[in-house]
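# Summary of the model geometry
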Amino acid sequence: MPHRSYLVGLIGSGIGPSLSPALHEREADRQGLRLVYRPIDIDTLGVPPEAVGDLMRAARDLGFDGLNITHPCKQLVIEHLDALTPQAEALGAVNTVVFEDGRAVGHNTDVTGFAASFARGLPDAPLGRVVQLGAGGAGAAVAHATLTLGAERVTVVDALPERAAALAGSLNRAFGEGRAAAAPPERRTELLAQADGIVHATPTGMAAHPGLPLPAELLHSGLWVAEVVYRPLETELLRTARALGCATLDGGGMAAFQAADAFRLFTGREPDAARMLADLTELAGTVGASN
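The present account deals with the structure reproduced in this document. (Residues numbered from 1 in each chain as written. Predicted model: local features only at pLDDT ≥ 70, side-chain atom pairs only at ≥ 80, totals over all residues. Heavy atoms only, no water.)

## Section: the overall build of the protein chain
Within the protein chain, the regular secondary structure consists of 11 helices and 12 strands. Its C-alpha atoms give the protein chain a radius of gyration of 19 Å, near enough to 19 Å, the size a compact globule of 291 residues would have. Each principal axis of the C-alpha distribution contributes one length, and for the protein chain these read about 60 × 40 × 35 Å. Relative to all contacts within the protein chain whose residues are 6 or more apart in sequence, the contacts with residues 24 or more apart total 69%. (Helix = DSSP H or I, 4+ residues; strand = E, 2+ residues; numbered from the N terminus. Rg over C-alpha atoms; globule rule 2.2 N^0.38 Å. Contact = heavy atoms within 4.5 Å.)

## Some remarks on the pairing of strand E6 (residues 103-107)
Counting buried positions along E6 yields four of five residues, so the element is predominantly enclosed. As paired strands, strand E4 (residues 83-84) and E6 are joined by two bridges and run parallel to one another. Across the sheet, the residue bridging to Ala-83 is Val-105, located in E6. Here strand E5 (residues 96-100) folds back onto E6, and the loop between the two strands holds two residues, one of which, Asp-101, carries a positive phi near 55°. (Buried < 20%, exposed > 50% of the residue type's maximum accessible area, 1.4 Å probe, protein only. Pairing = 2+ DSSP bridges.)

## What about the environment of Ala-278?
Tracing the backbone through its elements, the reader meets Ala-278 in helix H11 (residues 273-283). Under the relative-accessibility criterion, Ala-278 is labelled partly exposed at 34%.

## A word on unusual backbone geometry
A negative phi angle is the norm for most residues apart from glycine, just as the trans form is the norm for most peptide bonds. Cis geometry marks the peptide bond from His-71 to Pro-72; its omega dihedral reads 5°. By the element assignment, Pro-72 lies in the loop between strand E3 (66-69) and E4. A cis geometry characterises the amide bond from Arg-231 onward to Pro-232, with omega recorded as 5°. The residue Pro-232 is located in the loop between strand E11 (224-227) and helix H9 (236-243) in this model. A positive phi angle, close to 55°, is found at Asp-101, a residue other than glycine. Relative to the assigned elements, Asp-101 resides in the loop between E5 and E6.

## Examining the side chain of Asn-95
Inspection of the secondary structure puts Asn-95 in the loop between helix H4 (86-91) and E5. In this structure Asn-95 comes out as buried when scored by relative accessible area, which is 3%. Sequence-distant contacts of Asn-95, defined by excluding residues within four places in its chain, comprise Leu-67, Asn-68, Ile-69, Lys-74, His-107, Asn-108, Thr-109, Asp-110 and Gln-258.

## Considerations on the sheet that holds strand E7 (residues 129-133)
An order of E9-E8-E7-E10-E11-E12 is seen for the six strands of this open sheet, with the pairing classed as parallel. The open sheet has two edge strands, strand E9 (180-183) and strand E12 (247-249), and neither has a second partner. Recorded for the sheet is a direction-independent mean angle of 20° between the axes of neighbouring strands. Contacts between helix H6 (residues 137-148) and the sheet are confined to E7, strand E8 (153-157) and strand E10 (197-200), with E7 contributing the most and set at about 170° to the helix. Each of E10, E11 and E12 touches H9; the most contacted strand, E11, lies at about 165° to it. (Axes fitted to C-alpha atoms, helices over the stretch in contact; angles between N-to-C directions.)

Following this line, the structure appears as structure tokens:
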């Protein structure tokens with residue numbers, strides 16, 4: 001069988017710092033595949049997020065094998081697709097599009113990426129009551145993943161009450177009534193006193209948004225803390241939680257495993273996910289970021 005090459009890309013805003021190109025190209029090199037990964041930045045192109053449909057069609061016409069989709073296009077791309085996996089449909093968000101037989105099929109590897117990272121990094125974490133901070137795009141994916149992993153109840157806390165309520169409603173439709181609830185930030189004290197763990201899915205802690213997403217005194221050693229932010233891998237939240245004796249999970253695993261799942265979809269080849277996680281840790285510039 002002749003060697004074929006792969007052309008994939010990433011559509012989103014401000015994606016210059018993305019590690020996806022390097023993660024995919026390094027794994028392809030190790031497998032002896034020719035893969036080129038191109039960022040398609042709507043800011044650089046000077047087009048609005050709504051242009052994602054035109055960009056996707058152009059990529060398909062130019063022979064791309066697939067695309068990753070990131071903020072702010074994960075929801076907007078859906079109306080331009082021919083099919084969705086059940087998970088992407090339930091989530092209402094797509095981060096991976098595969099072109100096959102002239103059709104564009106939407107997937108969501110954020111869900112499977114977080115689930116794989118959690119199972120690897122916090123395998124014995126109790127999942128009775130989970131409090132999730134953040135109900136945006138990443139929040140929807142990790143809440144789905146947490147319930148898929150067997151969490152009994154996820155309470156979503158967001159500064160925008162209507163956003164938290166909308167996510168809780170969609171989770172209850174997907175997983176059964178009572179599995180999710182929404183709560184305002186002022187209820188964090190009582191919720192965290194009774195919780196088994198926290199999933200953090202807001203931008204707070206990123207290089208551009210330093211700080212803690214909640215008052216440090218609300219943390220206690222009985223909680224596990226899972227982070228979605230991966231630049232930096234060691235956020236202030238994780239550092240504070242670790243000092244208290246909490247079990248922690250950094251955001252690197254989700255980033256690496258969602259890339260591994262996308263690589264599998266693009267190429268049909270089995271990636272070395274552990275090797276991709278090592279790549280991510282190295283590329284994110286942090287030594288000793290594993291748990």
